[in-house]
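Understanding the architecture of this molecule
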Amino acid sequence: MYELADLFRVNQSTVSRWLKSARQSVHEETRHRLQERLGLSSRDFQSFLAVLDSKLELSISQLLGEAHGMPPAPKPD
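What counts as what
Residues numbered from 1 in each chain as written. Predicted model: local features only at pLDDT ≥ 70, side-chain atom pairs only at ≥ 80, totals over all residues. Heavy atoms only, no water. Phe/Tyr/Trp six-rings, centres within 6.5 Å; stacked < 30°, edge-to-face > 60°. Helix = DSSP H or I, 4+ residues; strand = E, 2+ residues; numbered from the N terminus. Buried < 20%, exposed > 50% of the residue type's maximum accessible area, 1.4 Å probe, protein only. pLDDT = per-residue confidence, 0-100. Expected span 1.5 Å × (residues − 1). Salt bridge = Lys/Arg side-chain N within 4 Å of Asp/Glu carboxyl O.

Some points on the packing of aromatic side chains
- The tally for this structure, following the rule as stated, stands at two aromatic pairs.
- Judged by centre distance (5.6 Å) and plane angle (90 degrees), the ring pair of Phe-8 and Trp-18 falls under edge-to-face. One end of the pair, Phe-8, is in helix α1 (residues 2-8); the other, Trp-18, is in helix α2 (residues 12-38), with ten residues separating them in the sequence.
- Given the relative accessible area of 48%, Phe-8 is considered partly exposed.

Structure, rendered in structure tokens:
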């Protein structure tokens, strides 16, 4: 951020705001396009994201457990 601020001759907080805005735009556009591509209503898309999030958490927990020598957790049916 320091280098970008110098390059554009702005304060670092300005660069920080620019980056935050860019991340937000990418996030929103990605969600919109994915929802559109899947053909889901807003409610169904939220449900899809909730399921995806829970599966991701489970997968990460399994990976971390295996990395620490713990047996893998049983997979849900």
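So much for the structure itself; the text now carries on.
Structural notes on the confidence of the model for the protein
- Per-residue confidence for the protein averages 88 on the pLDDT scale, and 84% of its residues sit at or above 70.
- Across the protein, element-level confidence peaks in α2 with a mean pLDDT of 97 and bottoms out in helix α3 (residues 42-67) with 86.

Considering α2
- Between its first and last C-alpha, α2 extends 39 Å over 27 residues, near the 39 Å set by a 1.5 Å rise per residue.
- Those residues of α2 that fall on the buried side of the exposure criterion are Thr-14, Val-15 and Gln-35.
- Just beyond α2, the residue with positive phi is Gly-39, at close to 65 degrees.

Let's talk about the pattern of salt bridges
- Evaluated as defined, the whole model comprises one salt bridge.
- Glu-29 is the salt-bridge partner of Arg-33, the closest N and O atoms lying 2.8 Å from each other. On the criterion of helical spacing, the pair formed by Arg-33 and Glu-29 is a turn pair, its members being four residues apart in helix α2.
- What makes Glu-29 partly exposed here is its relative accessible area of 36%.

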